[in-house]
Amino acid sequence: MRRKLIAGNWKMNGLKAEGIALAKAVFEKCATTPDKTFDILVCPPMNVLGFVAELPHAGAFVGAQDVAETTKPNGAFTGDISAQMVLDLGATWTLVGHSERRQYHHETDAVVKQKALNAIGAGLTTVICIGETLAEREAGQAVDVVRRQTRECVPMQATAENCVIAYEPVWAIGTGKVPTTADVAEIHAAVRDELAKVLGQEKADKMRILYGGSVKPENAKELLNVENVDGALIGGASLKADSFWAIAETLM
Ligand code: PGA
């Protein structure tokens, strides 16, 4: 049985006080739900990552939103944060390959794979994000695109313990639009099939594949019940502890 994961991607939101307050509210909900059957991950922006990681957070994981592409743990890479630095802050996870990184920072599948390798090598668990654009979906290429991204972004070193996949159709992120459950099921099955080709069936069967893109308390139950959907990556609705937790609660 794959344990479900509810992950919040706060993106570039929240000054220090807000970020810490949001994290505290989420961690308190975790602490008062001792027998939960799912994992919780929050990915704050860098301005608060260290503060959030230092809060008591039993039952929840803290992650970064990105790590540097260079294999070096330090050096002349202005503006970058290495996986080792993330770990040093007390965070144990990171996202890589989010569509906003691919879009605004021109990250290719090869870059995403290198970042995933760096994260895994440093001892972080990594969420590798993939997903088709609207143009690709409308051209009937969605399955081919996510298969290619899976093949080209997931390193051989990935296991169910150090890696999670997040399928996030770009056109569903922040738009309020969600794919049909049949479309989600089709993509998640294709991703698992492709994972089996890269990593072998046993690892592929254990690896979690999240759905992300406009997940809200109202649609979470339906999406989380789709076959091969092992959790959710949540942007907008993760910025309020109540709506984030309401999504997690659909699993209780
Ligand atoms: P959203 O973002 O929930 O606001 O659509 C999801 C994501 O980008 O991870």
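Residues numbered from 1 in each chain as written. Predicted model: local features only at pLDDT ≥ 70, side-chain atom pairs only at ≥ 80, totals over all residues. Heavy atoms only, no water.

Visitor: Please explain the overall build of the protein chain as it appears in this structure.
Guide: When helices and strands are counted, the protein chain shows 11 helices and eight strands. A compact globule built from 252 residues should have a C-alpha radius of gyration of about 18 Å, and the protein chain, at 17 Å, falls within 12% of that. With the C-alpha coordinates aligned to their principal axes, the bounding extent of the protein chain is approximately 45 × 45 × 35 Å. Per-residue burial for the protein chain yields a buried fraction of 54% across its 252 residues. Taking contacts inside the protein chain between residues at least 6 apart in sequence as the whole, the part at least 24 apart equals 74%. Taken as a whole, the protein chain presents about 11,200 Å² of accessible surface, with 54% of it coming from carbon and sulfur. Here the protein chain carries 26 positive and 31 negative side-chain charges, and the mean point of each set is 2 Å from the other. (Helix = DSSP H or I, 4+ residues; strand = E, 2+ residues; numbered from the N terminus. Rg over C-alpha atoms; globule rule 2.2 N^0.38 Å. Buried < 20%, exposed > 50% of the residue type's maximum accessible area, 1.4 Å probe, protein only. Contact = heavy atoms within 4.5 Å. Areas by Shrake-Rupley, 256 points an atom, 1.4 Å probe, with all protein chains shown as cover. Lys, Arg positive; Asp, Glu negative; His and termini not counted. Charge placed at Lys NZ, Arg CZ, Asp CG, Glu CD.)

Visitor: For this particular structure, what's the right way to read the site of the ligand?
Guide: As a matter of local geometry, the ligand sits amid 13 residues, with K11, H98, E168, G174 and S214 nearest to it. One nitrogen or oxygen atom from the side chain of H98 is found 2.7 Å from an oxygen atom belonging to the ligand. Take G236: an N or O atom from its main chain is 2.8 Å from an oxygen atom of the ligand. Surface burial for the ligand is 97%, taken as the share of its 280 Å² of free accessible area covered by protein chains. Classifying every residue of the shell around the ligand by side-chain character gives four nonpolar, seven polar and two charged. (Near = heavy atom within 4 Å. Polar contact = N/O pair within 3.5 Å; in protein donor to acceptor, adjacent residues only side chain to side chain. Nonpolar A, V, L, I, M, F, W, Y, C, P; charged D, E, K, R; others polar.)

Visitor: Can you walk me through the pattern of salt bridges in this structure?
Guide: Any two side chains of opposite charge can pair if their charged atoms end up close together. Under the criterion given, the structure shown has 20 salt bridges. K115 is the salt-bridge partner of E107, the closest N and O atoms lying 2.6 Å from each other. Comparing E107 with K115 shows no difference in burial state: the two are buried. Note that R151 is salt-bridged to E194, the shortest N-O span being 3.2 Å. Note that R151 is positioned in helix 7 (residues 142-153) and E194 in helix 8 (residues 181-199), a separation of 43 residues in sequence. By sharing partners, the salt bridges in this structure join R147, R151, D193, E194 and K197 into a single network. (Salt bridge = Lys/Arg side-chain N within 4 Å of Asp/Glu carboxyl O.)

Visitor: Teacher, can you tell me more about the pairing of strand 2 (residues 38-43) here?
Guide: Where burial is concerned, most of strand 2 is hidden: six out of the six residues are buried. Handedness of the crossover joining strand 1 (residues 4-9) and strand 2 through helix 1 (residues 16-31): right-handed. Sheet topology places strand 2 next to strand 3 (residues 60-64); three bridges connect them, and they run parallel. From the neighbouring strand, L41 faces strand 3, where its bridge partner is F61. (Right-handed = clockwise from strand over helix to strand, strands pointing away. Pairing = 2+ DSSP bridges.)

Visitor: What is the right way to look at the environment of C30 in this model?
Guide: As for its position among the elements, C30 is in helix 1. C30 gets classed as buried once you look at its relative accessible area, which sits at 4%. C30 sits 221 residues away from L251 along the chain, and the two C-alpha atoms are 13 Å apart.

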